Amino acid sequence: MNCFTCWRRAAMQTRRRTSGRRVRGSSLAIDYMHKHYREEISRDMLAHMTGFHPRFFSMLFKRETGHSFSDYLARIRIDRAKEQLLLTGGSLNDIARNVGYADGFYLSRKFKQVVGVSPTGYVREPKKIVVYDLVGHLLALGIKPLGASYNQGLSSLALLREELAGTPDVGYTSVEPMLELEPELIIATDWLGRGMIEQLHKIAPTLVFHSGDPFERFKSLADILKRRREAEAFIARYEEKGKRARAELSGLVGPNETAAVYEIWADCLWVMCESYGRGVYNLYKPLGFTPPPKVKREVLDIGQPKKLRSKSCRTMRPIICSSAYTR
């Protein structure tokens, strides 16, 4: 091996190490900004933290992200401000302090510079939305999502197939399929998982809803999206259908009879609760069925499904059975 070959190999190894260090440095800076956007952050501070000269850090950061350090930080803060504008209805001064700005006046000026409209205008205007799980909520409000995902696959929502025609399934485990859609707002649920939700926050303002009463969640979403009238109309239709169905069942169910919803999933048997779909809310609320006391106490009142026992089963099949779990 001649000297030139040795030198070239050493140079290539050094280049790879340097390239890796640069990528790690940019990733470290980006991660820090997403976690500490409320605090004072300067270019010199991040340059020192990543071990680069400030001017070199600026050049490297723009090459890796396509944005200057100050523009990137502003976008993070404005995205968090968007979330708070939609979720909290707080004053601009309060929101400004929560996202790292001195006051509402500066936030308003920066918001219009980045978004193109004022904070008030942003709250009122329609948005391109990607939704995870709460697909039916959005459609019931008369909004067709830009993209959607469901934990069992979008194709499993057979009753919504016509309304979802042309809507891409963005999947459930990676943000990659959603990136090219460039959503303006993401609606997600907390059972999506912390890691996935953190990634979503980096793409667009993300509203995260928790488990609980589905109609309270529905009304909350309607208020955020300025669709209260549509929500009230949908709820009225739902309640009317419930009354008719309950009347049809009158006399078929005895006063002391109980009902519960179980689900066989892989090798487990679960007792389901109202906030996890499967028609449980319909069973107990509009239809008026009575749950077994133990199901009410250990499942419905807690608001979480319960693993009852192991059972070999390769398929998932919802079943309804009367008080098999009453002890």
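Residues numbered from 1 in each chain as written. Predicted model: local features only at pLDDT ≥ 70, side-chain atom pairs only at ≥ 80, totals over all residues. Heavy atoms only, no water.

1. Quick notes on the side chain of arginine 80
For step 1, the next point in the chain: Tracing the chain through its elements places arginine 80 in helix α4 (residues 69–87).
For step 2, the next point in the chain: There is a polar contact of 3.0 Å between the side chain of arginine 80 and the side chain of glutamate 83.
For step 3, the next point in the chain: Those residues within four positions of arginine 80 in sequence are excluded, and the remaining contacts are His34, Tyr37, Val99, His201, Ala204 and Pro205. (Helix = DSSP H or I, 4+ residues; strand = E, 2+ residues; numbered from the N terminus. Polar contact = N/O pair within 3.5 Å; in protein donor to acceptor, adjacent residues only side chain to side chain. Contact = heavy atoms within 4.5 Å.)

2. Structural notes on the packing of aromatic side chains
For step 1, the next point in the chain: Following the criterion strictly, the structure yields 9 aromatic pairs and no others.
For step 2, the next point in the chain: Between phenylalanine 52 and phenylalanine 56, the ring centres sit 5.5 Å apart and the planes meet at 45°, which makes this aromatic pair tilted.
For step 3, the next point in the chain: In this structure phenylalanine 52 comes out as buried when scored by relative accessible area, which is 8%.
For step 4, the next point in the chain: Under the relative-accessibility criterion, phenylalanine 56 is labelled partly exposed at 25%. (Phe/Tyr/Trp six-rings, centres within 6.5 Å; stacked < 30°, edge-to-face > 60°. Buried < 20%, exposed > 50% of the residue type's maximum accessible area, 1.4 Å probe, protein only.)

3. A look at the sheet that holds strand β3 (residues 185–189)
For step 1, the next point in the chain: The parallel open sheet is built from 4 strands, whose spatial order is β2-β1-β3-β4. The open sheet is flanked by β2 (147–149) and β4 (206–209), the only strands paired with a single partner. If you compare each strand with its neighbour and ignore which way they point, the axes differ by 10° on average.
For step 2, the next point in the chain: Note that strand β1 (residues 129–132) and β3 share 3 bridges and pair parallel. Opposite valine 130, over in β3, you have isoleucine 186 as the bridge partner.
For step 3, the next point in the chain: Along the sheet, helix α11 (residues 214–224) makes contact with β3 and β4, crossing β4 at roughly 160°. (Pairing = 2+ DSSP bridges. Axes fitted to C-alpha atoms, helices over the stretch in contact; angles between N-to-C directions.)

4. Some points on the nonpolar core
Side chains of a nonpolar character, in soluble globular proteins, are inclined to be buried together.
For step 1, the next point in the chain: Ranked by size, the top nonpolar core spans 56 residues in total, and within it Met33, Ile187 and Leu225 carry the most contacts.
For step 2, the next point in the chain: With near-sequence residues (within four places) excluded, isoleucine 187 lies in contact with Ile129, Val130, Val131, Tyr132, Leu134, Leu138, Leu207, Phe209, Leu221 and Leu225.
For step 3, the next point in the chain: Core analysis: the next-biggest nonpolar cluster, separate from the first, contains 15 residues, Ile264, Leu269, Val271 and Leu300 among them. (Core = buried A, V, L, I, M, F, W, Y, C linked by side-chain atoms within 4.5 Å.)

5. A look at the pairing of strand β5 (residues 259–265)
For step 1, the next point in the chain: The buried fraction of β5 is high, at 6 of 7 residues.
For step 2, the next point in the chain: Sheet analysis places β5 next to strand β6 (residues 268–271), joined by 4 bridges and oriented antiparallel. The residue of β6 that forms the bridge with tyrosine 262 is valine 271.
For step 3, the next point in the chain: Here β5 folds back onto β6 in antiparallel fashion, the turn holding 2 residues, of which alanine 266 has a positive phi close to 55°.

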